[in-house]
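# Structural characterization, general
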Amino acid sequence: GSISVLTPEFLQDVSPTRIYDATRYVAGISEGRGDGFADRQMIRGFENTLRTVDNFGSVQGENVDSLLVDRVEVVKGPSAILSPTGAPGGAVNVASKRPLYRTERSLAVTVGLIDAQRIDLDATGAFAPNSPFAYRVLAGYQDGQLAADGSQDKKQIIAGQLSYRISPRTT
């Protein structure tokens, strides 16, 4: 099997609005059937309508917001060992952002005509130096035009996470 990892830096560069917008750069992946806004994709000729999120099966077909995604992992080939109910062409796993024990803050603003008018906040860090607790706050707001036909994309996202480090190797 072949494994491709789409890193946070790559995802920031391509700024995908759906997972397929990022995985389309992986060889052997093309857009699946659907209305053009779902995350359906073909992997080596087999349609993959579902994905895993943090290695857990997801029954939701809607798109994952890019603010919540750390990286995307694509495993091509028969994936019977990893996901026995998945498509024979491969599997897609979305790895969520998680709290970090170093301070990082970012504010991103997108202005434009299509799929824009968006602001995202991402803040993470330890509560104090050498603290076993870390946090992550993700917040996003979008109110913009989705397509040239005048359809609107309006969403609000607020996510909070807490992490506890039991030992240097266990969180």
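Residues numbered from 1 in each chain as written. Predicted model: local features only at pLDDT ≥ 70, side-chain atom pairs only at ≥ 80, totals over all residues. Heavy atoms only, no water.

## Section: the environment of valine 109
Put simply, the rule is: Only DSSP runs of H or I covering at least 4 residues are called helices, and only runs of E covering at least 2 are called strands; the numbering of each starts at the N terminus. Type-normalised accessible area, obtained with a 1.4 Å probe on protein chains alone, sets the label of each residue: buried when under 20%, exposed when over 50%, and partly exposed for intermediate values. Residue contacts follow a heavy-atom distance rule, with two residues in contact if any of their heavy atoms lie within 4.5 Å.
Relative to the helices and strands, valine 109 is located in strand β9 (residues 104–110). Here valine 109 falls in the exposed class, since its relative accessible area comes to 55%. For the pair valine 109 and glutamine 142, spaced 33 residues apart in sequence, the C-alpha to C-alpha distance is 9.8 Å. Setting aside residues up to four positions removed in sequence, valine 109 forms contacts with Arg118 and Ile119.

## Concerning the environment of proline 78
Position of proline 78 among the secondary structure elements: in the loop between β7 (69–76) and β8 (90–96). In this structure, the C-alpha to C-alpha distance between proline 78 and proline 88, residues ten residues apart in sequence, is 4.7 Å.

## A closer look at the sheet that holds strand β4 (residues 46–48)
Heads up, the condition is: At least two DSSP bridges between two strands are required for those strands to pair. To define axes, lines are fitted to C-alpha atoms, for helices over the stretch in contact only, and angles between the resulting N-to-C directions are given on a 0 to 180 degree scale.
With respect to topology, three strands assemble into an open sheet ordered β2-β3-β4, the strand pairing being antiparallel. Here the strands that pair on one side only, and so sit at the sheet edges, are β2 (29–31) and β4. Going across the sheet, the axis of each strand differs from the next one's by a mean of 35 degrees, ignoring polarity. With three bridges connecting them, strand β3 (residues 41–43) and β4 associate as antiparallel partners. In the strand pairing of β4, isoleucine 43 is matched with phenylalanine 46.

## Some details on the nonpolar core
Threshold: Among the buried residues, those of types Ala, Val, Leu, Ile, Met, Phe, Trp, Tyr and Cys that are joined through side-chain atoms within 4.5 Å form a nonpolar core.
Counting 14 residues, the largest nonpolar core has Ile19, Val69 and Val72 as its most contacted members. Elements that contribute at least two residues to this core include exactly α2 (19–23), β7 and β8. For valine 69, the residues in contact, after removing those within four places along its chain, are Leu11, Ile19, Val64, Val94, Ala95 and Lys97.

## Re a nonpolar patch on the surface
For clarity, the cut-off: Like charges within 9 Å and nonpolar side chains (Val, Leu, Ile, Met, Phe, Trp, Tyr) within 5 Å are joined into patches, using only residues over 30% in relative accessible area that form no salt bridge. Computed by Shrake-Rupley with a 1.4 Å probe, the accessible areas treat only the displayed protein chains as cover when residues are assessed. Throughout this description, the term salt bridge denotes a Lys or Arg side-chain nitrogen within 4 Å of a carboxyl oxygen of Asp or Glu.
Residues Leu107, Val109, Val111, Ile119, Leu121 and Tyr141 make up a contiguous nonpolar surface patch of roughly 570 Å² in combined accessible area. Looking at the nonpolar patch, the elements that each hand over two or more residues are β9 and β10 (118–126). Note that leucine 121 resides in strand β10. Residue class for leucine 121 comes out partly exposed when judged on its relative accessible area of 37%.

Functional significance is not addressed by these values, which are geometric in nature.
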